[in-house]
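The chain contents come next:
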Amino acid sequence: MVARHKKTNLLRRCYEKGCSLLGIIPRGRRGAFDVISRPSKDIPYFISANPKVNPYDKIPKSILKAHMRLISHFLTRKLEKYYFKGIEIKEDIQDYLQVKERLDFLKEQKVNMEVEPDLKGLLEINKLYEKFVSQKEIEIYPPDKPFNKDEIELFDRIIKTRRSVRCWKNEPVSREIIESIIESAIWAPSTGNMQSVRYIVIDDEKVKQQILVGGIKGAPIIVSVAVDIRVYPSASTGNKNQDAAAAIQNFLLKTHILGLGAVWISGKTVNSNEIRRLLNFHEYIENIAFVYLGWPANRPITPPRSNIKEVLCYNKYSEDIKIY
Ligand SMILES: Cc1cc2nc3c(=O)[nH]c(=O)nc-3n(C[C@H](O)[C@H](O)[C@H](O)COP(=O)(O)O)c2cc1C
């Protein structure tokens, strides 16, 4: 195992040479790699890519950022293990370097870190990891205070009074309001924080009229909730349906507290060829659902919910759930 301070030196030396570090290989396995240095006897060789050939050039920025968020997600998990649970973790700077390389690349592309909040966040996570590898303490914050009784009651009221609204007034909904709803949807959890969900807001009457999914007409706004499947590095990394569902739930709750009414529309035809053509979906964009929304024309009848005893088991599933 290489001492932390030596790893930091390794990092520094690599960047001083203006190279992108691809990884560290043990002595004797240099083979075809472009080995540039072995800093000292007890540090393995490190390898470098030619800095002129940038592999990130061809990757769309949104995908590059999704991958950085995934790597940062793993870095954060490691830091949590080490600082909050006291678990010794395998020191590995490769993930850190992968994020750093991409951040440097985006900086070179003149991406404004101040304007892109996720890049700023990624930079902060990387700085924390840098502190860790250089054996500096990081600040640990106490958990948030629980919400008070009134806030909890409000939360329950919001959840319980949200309804699927299927009739709307013929009144416009501003794009500003729609954007505030999507801001809330963005804060939903997603696998590896990859945030694959994309929102296509349809407020053009001609386009809306061609969306005949769910047999519901008259929505002032239709939102396609789609995913960019390129963000998932493999079929087993990520779950597009669950990512989209979490976002839709946030979306519906925000819609509700703004006094708007929305309904989640799913079904076989949401991602039909006709819909895909109409909305100009590329092959890697998949429509998961539509949300129809507008100012509600009525307050829908409340569909009843189950008694908790009908749905809850402890420790293992039991068929002994009481049916009333
Ligand atoms: C995954 C999913 C798909 C749905 N698809 C439709 C749909 O295609 N058409 C529709 O009218 N409602 C749809 N709904 C809304 C449900 O019918 C509704 O949530 C349920 O009846 C409970 O009513 P509430 O939302 O008012 O509590 C869907 C809900 C979910 C979660």
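Residues numbered from 1 in each chain as written. Predicted model: local features only at pLDDT ≥ 70, side-chain atom pairs only at ≥ 80, totals over all residues. Heavy atoms only, no water.

Participant: Whenever I open this one, the overall build of the protein confuses me. Can you help?
Facilitator: A tally of helices and strands in the protein yields 10 helices and 7 strands. Looking at the 324 residues of the protein, the share that counts as buried comes to 37%. Expressed as a percentage of contacts within the protein between residues at least 6 apart in sequence, the contacts between residues at least 24 apart total 73%. When the accessible surface of the protein is summed, it comes to about 20,400 Å², and 54% of that surface belongs to carbon and sulfur atoms. (Helix = DSSP H or I, 4+ residues; strand = E, 2+ residues; numbered from the N terminus. Buried < 20%, exposed > 50% of the residue type's maximum accessible area, 1.4 Å probe, protein only. Contact = heavy atoms within 4.5 Å. Areas by Shrake-Rupley, 256 points an atom, 1.4 Å probe, with all protein chains shown as cover.)

Participant: Hey, could you run me through the packing of helix α6 (residues 175–186) against helix α8 (residues 240–257) in this one?
Facilitator: Helix packing geometry: the angle between the two helix axes and the distance between the axes. For the pair α6 and α8, the least separation of the axes is 8 Å and the interaxial angle reads 140°. Comparing the axis directions of α6 and α8 gives the class oblique. Along this stretch, α6 crosses α8, giving a crossing that reads as right-handed. Across the interface between the two elements, S180, I181, I182, S184 and A185 from α6 touch A247, N250, F251, K254 and T255 from α8. (Axes fitted to C-alpha atoms, helices over the stretch in contact; angles between N-to-C directions. Parallel < 35°, antiparallel > 145°, perpendicular 65-115°, else oblique. Left-handed = near helix turned anticlockwise from the far one by under 90°.)

Participant: Help me understand the pairing of strand β5 (residues 221–228) in this model?
Facilitator: Side-chain positions along a regular strand alternate between the two faces of the sheet. Counting buried positions along β5 yields 8 of 8 residues, so the element is predominantly enclosed. A two-sided burial pattern is seen for β5, the buried positions comprising I221, V223, V225 and V227 on one face and I222, S224, A226 and D228 on the other. By the bridge criterion, 6 bridges tie strand β4 (residues 197–202) to β5 in an arrangement that is antiparallel. From the neighbouring strand, I202 faces β5, where its bridge partner is I222. Pairing of β5 with strand β7 (residues 285–294) involves 8 bridges; the strand directions are antiparallel. Within β7, the residue paired with A226 across the bridge is N287. (Pairing = 2+ DSSP bridges.)

Participant: Would you mind going over the site of the ligand with me for this structure?
Facilitator: Every residue close to the ligand is listed here: R162, R163, S164, R166, I216, V263, W264, I265, S266, P303 and R305. Interatomic distance of 3.3 Å between a backbone N/O atom of S266 and an oxygen atom of the ligand. Protein chains bury 63% of the 620 Å² of accessible surface belonging to the ligand in isolation. When its residues are assigned to classes, the shell around the ligand shows 5 nonpolar, 2 polar and 4 charged. (Near = heavy atom within 4 Å. Polar contact = N/O pair within 3.5 Å; in protein donor to acceptor, adjacent residues only side chain to side chain. Nonpolar A, V, L, I, M, F, W, Y, C, P; charged D, E, K, R; others polar.)

Participant: What is the right way to read the pattern of salt bridges from this model?
Facilitator: Two side chains carrying opposite charge are able to pair once their charged atoms lie near each other. Following the criterion strictly, the structure yields 11 salt bridges and no others. With a closest N to O distance of 2.7 Å, E116 and K61 form a salt bridge. Here K61 lies in helix α2 (residues 61–84) and E116 lies in the loop between α3 (94–108) and α4 (117–133), a separation of 55 residues in the sequence. A relative accessible area of 16% places E116 in the buried class. One salt bridge connects R230 with D228, and the closest N-O pair in it is separated by 2.7 Å. On the accessibility criterion, D228 (2% relative accessible area) is buried. (Salt bridge = Lys/Arg side-chain N within 4 Å of Asp/Glu carboxyl O.)

Participant: Please clarify how the pairing of strand β6 (residues 261–265) should be interpreted in this entry.
Facilitator: Counting buried positions along β6 yields 4 of 5 residues, so the element is predominantly enclosed. Across 5 bridges, the pairing between β6 and β7 is antiparallel. Considered in β7, the bridge of W264 is made with V291.

Participant: Explain the packing of aromatic side chains here, please?
Facilitator: Each pair of aromatic rings is reported with the distance of its centres and the angle of its planes. Following the criterion strictly, the structure yields 7 aromatic pairs and no others. Where Y96 meets Y129, the ring centres are 6.3 Å apart and the plane angle is 25°; that geometry is what we call stacked. Taken together, the residues Y96 in helix α3 and Y129 in helix α4 connect sequence positions 33 residues apart. The ring of Y284 carries the charged tip of R230 above its face, separated from the ring centre by 3.5 Å. (Phe/Tyr/Trp six-rings, centres within 6.5 Å; stacked < 30°, edge-to-face > 60°. Lys NZ or Arg CZ within 6 Å of the ring centre and 35° of its normal.)

Participant: Could you clarify how one ought to interpret the environment of Y83 in this entry?
Facilitator: Residue placement: Y83 occurs in helix α2. Sequence separation between Y83 and I140 is 57 residues; the distance between their C-alpha atoms is 8.1 Å. Not counting residues up to four positions away in its chain, the partners in contact with Y83 are F132, K136, E137, I138 and I140. Engagement of the side chain of Y83 in a polar contact is seen with the backbone oxygen of K136, the distance being 3.2 Å.

Participant: I'm lost on α4 in this one. Help?
Facilitator: In an α-helix there are 3.6 residues to a turn, and that puts residues three or four apart on one side. With 17 residues, α4 extends 25 Å between its outermost C-alpha atoms, agreeing within 8% with the 24 Å of an ideal straight helix rising 1.5 Å per residue. Taken residue by residue, α4 has L119, L122, N126, Y129, F132 and V133 as its buried positions. The arc that holds every buried residue of α4, seen down its axis, measures 130°, which confines them to one face. Backbone geometry just after α4 places Q135 at a positive phi near 60°. (Expected span 1.5 Å × (residues − 1). Arc of directions from axis to C-beta.)

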